[in-house]
Amino acid sequence: MTEEPIILKKAEFNPKIKSYILYVVSFFLLISILGIPILIFWILGLGQHISKRFYDNLECQLTNRHLEFKKGVLFKVEKTIPLENIQDLTFIENPLLKYLDLRILKIETAGQSNPKGSDMKLIGIIDSGNFKKQVLKQREAIQSNSKNNSQSVSSNEKTNILLEEIRDLLHDIKHK
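Because the structure is a prediction, the values reported are computed rather than measured.

Asks: Explain the layout of surface pockets to me, please; I cannot follow it from the model alone.
Replies: Once rolled over the atoms, a probe with the size of a water molecule shows which space is left empty. As a volume, the largest pocket reaches approximately 150 Å³. If you go around the largest pocket, the residues you meet are Tyr20, Ile21, Phe54, Leu58, Phe69, Lys71, Lys121, Leu122 and Ile123. Put simply, the parts of the chain that give the lining of the largest pocket at least two residues each are helix H1 (17-31), strand S3 (66-71) and strand S7 (120-123). Among the elements that line the lining of the largest pocket, the one with the most residues is S7, at three residues.

Asks: I tried to follow a nonpolar patch on the surface on my own but got confused; where do I start?
Replies: Where nonpolar side chains cluster on the molecular surface, the patch consists of Phe27, Phe28, Leu30, Ile31 and Ile36 and spans about 520 Å² of accessible area. For the nonpolar patch, the element with the highest residue contribution is H1, accounting for four residues. The residue Phe28 is located in helix H1 in this model.

Asks: Before we go on, may I ask you to explain the packing of H1 against helix H2 (residues 36-57) in this structure?
Replies: Two numbers describe a pair of packed helices, the interaxial angle and the distance between the axes. Closest axis-to-axis distance for the H1/H2 pair is 9 Å, and the angle between their directions is 155 degrees. On the basis of their axis angle, the class for H1 and H2 is roughly antiparallel. Pair H1 / H2 crosses with right-handed handedness. From H1, Ile17, Lys18, Ile21, Leu22, Val25, Ser26, Leu29 and Leu30 reach across to H2, where they touch Ile36, Ile38, Leu39, Trp42, Ile43, Gly47, Gln48, Ser51, Lys52, Phe54 and Tyr55.

Asks: It is not clear to me how the sheet that holds strand S2 (residues 59-63) should be interpreted in this structure. Could you clarify?
Replies: Across a sheet, strands are paired by hydrogen bonds formed along the backbone, either parallel or antiparallel in direction. In spatial order, the strands read S1-S2-S3-S4; together these four strands make up an open sheet with antiparallel pairing. The sheet is open, and its two borders are formed by strand S1 (7-10) and strand S4 (77-82), each paired with just one other strand. If you compare each strand with its neighbour and ignore which way they point, the axes differ by 15 degrees on average.

Criteria and thresholds
- Residues numbered from 1 in each chain as written.
- Predicted model: local features only at pLDDT ≥ 70, side-chain atom pairs only at ≥ 80, totals over all residues.
- Heavy atoms only, no water.
- 1 Å grid on protein atoms, 1.4 Å probe; cavity = no way out; pocket = protein on both sides within 12 Å on 5 of 7 lines; lining within 4 Å.
- Points joined across faces, edges and corners; volume = space filled by probe spheres on them.
- Helix = DSSP H or I, 4+ residues; strand = E, 2+ residues; numbered from the N terminus.
- Patch = residues over 30% accessible without salt bridge, like charges linked within 9 Å, V, L, I, M, F, W, Y side chains within 5 Å.
- Areas by Shrake-Rupley, 256 points an atom, 1.4 Å probe, with all protein chains shown as cover.
- Salt bridge = Lys/Arg side-chain N within 4 Å of Asp/Glu carboxyl O.
- Axes fitted to C-alpha atoms, helices over the stretch in contact; angles between N-to-C directions.
- Parallel < 35°, antiparallel > 145°, perpendicular 65-115°, else oblique.
- Left-handed = near helix turned anticlockwise from the far one by under 90°.
- Contact = heavy atoms within 4.5 Å.
- Pairing = 2+ DSSP bridges.

Below is the structure:
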């Protein structure tokens, strides 16, 4: 029987993400020759619609054991990362992000399947510094808890060995 995860913190996202998505996609459509005709539709309303739907579908929550994340418009992505697997949390900024007062929190894990990228990128979390601290604090709590459990197991093993030695000695004394 597994216990239900306890939600410690739900991340809130900055609505300026919609503008960021609109600008970034517009830039890439502009620099590609084939994207210029699509850029017209993007600017006239398609971009606002898609970025609003993307923003509405963003969810991220920190539980006592995992970091859970959902995003997507047409193709939805749902990730669950165990906290003990998180190796690094990094902030990324660029001039556009800075202008919109946004940050990207990049999460890398042990044994990640994609060596070129990260397992998760969270764009525009409100108070992202505090969210990062809470993730790290919960990860440390899990790691110290597992160390305590392994130490208690090893002390139980030592106790069992000692009791077996005492039993053997008592058995030898009884037969002499």
